[in-house]
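Fold and contact review
Given next are the chains, with one letter for each unit.
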Amino acid sequence: MPFRFSERLIRFSKGWLALAALAIFLAFTALVLPGQAAGSAERTGGARQPDISLFYTPAELYGMAKAFGPDGRQAYIQARVTFDVAWPLVYGFFLVTAIGWLAGRAFQPGSPWRLLTLAPVLGVLFDYLENLATSLVMARYPAQTPVVDLLAGPLTLVKWLFVGGNFMVLVAVAIVAAARRARPR
């Protein structure tokens, strides 16, 4: 099943689509992200935020919830169900199409390296799971949210490992594709 899904992503990923996804990614990064970051910092009182942290404990997460205050927690949740629904789709679409298009050129059909196309999908999945976990904690605060509060920090860490790792995968696959193209026939 993973191989089949990976192959579908590679077939879906055309060069023009990867370029369009790159344009959307760059526009979103330049036009939407700065305003969202500034607004979020303002609404949460400049307190540390879970989704831009690398890792945090349940106690630190509850500390963030307390520091946000009621309005900040509500704004945080609102951002998770608006901006943070769109943002993972934007970067995920770019990474899936770019890695998929390059993997189709870098690796022969059947190569396990073609499974790298699944990494962006996992990054988006962990981003959504993190958003769900932190939003539940914020919504229920000051009540404790057992298990979810324990999962939130590791979900954030895994999200960042995938998101950061995906950009490294993109560069590596681009190098392999370029080397393969430059190799004499």
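Here the structure is a predicted model, which means the values were calculated and not measured. Every chain begins its residue count from 1, and numbering advances along the sequence as written. Local features in this predicted model are restricted to residues of pLDDT 70 or higher, and side-chain atom pairs are both shown and tallied only at a pLDDT of 80 or more, whereas totals for entire chains, interfaces and linings draw on every residue. No hydrogens and no water enter the side-chain calculation; it runs on all heavy atoms of the structure.

Description of a positive patch on the surface
Where like charges cluster on the molecular surface, the positive patch consists of Arg4, Arg8, Arg11, Lys14, Arg105 and Arg181. Put simply, DSSP H or I for four residues or longer makes a helix, DSSP E for two residues or longer makes a strand, and each gets a number counted from the N terminus. No other element matches helix α1 (residues 2-12), which puts three residues into the positive patch. Tracing the backbone through its elements, the reader meets Lys14 in the loop between α1 and α2 (15-31). The residues that make up patches have over 30% relative accessible area and no salt bridge, and they are joined within 9 Å when like-charged or within 5 Å when they are Val, Leu, Ile, Met, Phe, Trp or Tyr. Computed by Shrake-Rupley with a 1.4 Å probe, the accessible areas treat only the displayed protein chains as cover when residues are assessed. For this analysis, a salt bridge means a side-chain nitrogen from Lys or Arg found within 4 Å of a carboxyl oxygen belonging to Asp or Glu. For this count, His and the chain ends are skipped, Lys and Arg are scored as positive, and Asp and Glu as negative. In this description, the location of a charge corresponds to atom NZ of lysine, CZ of arginine, CG of aspartate or CD of glutamate.

Things to note about α1
Buried residues of α1: Ser6, Glu7, Leu9 and Ile10, and no others. Within α1, the buried residues cover an arc of 160 degrees as seen down the axis, which keeps them to one side. Exposed positions of α1 whose direction lies more than 90 degrees from the buried face are Arg4, Arg8 and Arg11. In this analysis, two residues are considered to be in contact whenever any of their non-hydrogen atoms come within 4.5 Å of each other. Against the buried residues of α1 lie α5 (83-106) and α6 (119-140). For each residue, the accessible area found with a 1.4 Å probe, counting protein chains only, is set against the maximum for its type, and the residue is called buried under 20%, exposed over 50%, and partly exposed in between. For this quantity, the arc is that covered by the directions from the helix axis to the C-beta atoms.

Section: the side chain of Arg80
Here Arg80 shows up in helix α4 (residues 58-81). Given a relative accessible area of 5%, Arg80 falls into the buried group. Setting aside its immediate chain neighbours within four residues, Arg80 contacts Asp51, Val85, Asn131, Thr134 and Ser135.

Details of helix α3 (residues 33-43)
All buried positions along α3 are accounted for by Gln36, Gly39 and Ser40. An end-on view of α3 places all buried positions within 100 degrees of arc, on one side of the element. Buried-residue contacts for α3 involve α4 and α5. Positioned one or two residues after α3, Gly45 has a phi angle of 70 degrees, which is positive.

Things to note about the pattern of salt bridges
Considering all chains together, one arrives at five salt bridges under this definition. With its nearest N and O atoms 3.4 Å apart, the salt bridge here joins Arg80 to Asp51. Pair noted here: Arg80 is in helix α4 and Asp51 is in the loop between α3 and α4, with a separation of 29 residues, a long-range link. Since its relative accessible area comes to 9%, Asp51 is described here as buried. Note that Arg80 and Asp84 form a salt bridge whose closest N and O atoms lie 2.8 Å from each other. Of the residues examined, Asp84 reaches a relative accessible area of 4% and is grouped as buried. The network of salt bridges with common partners includes Asp51, Arg80 and Asp84.

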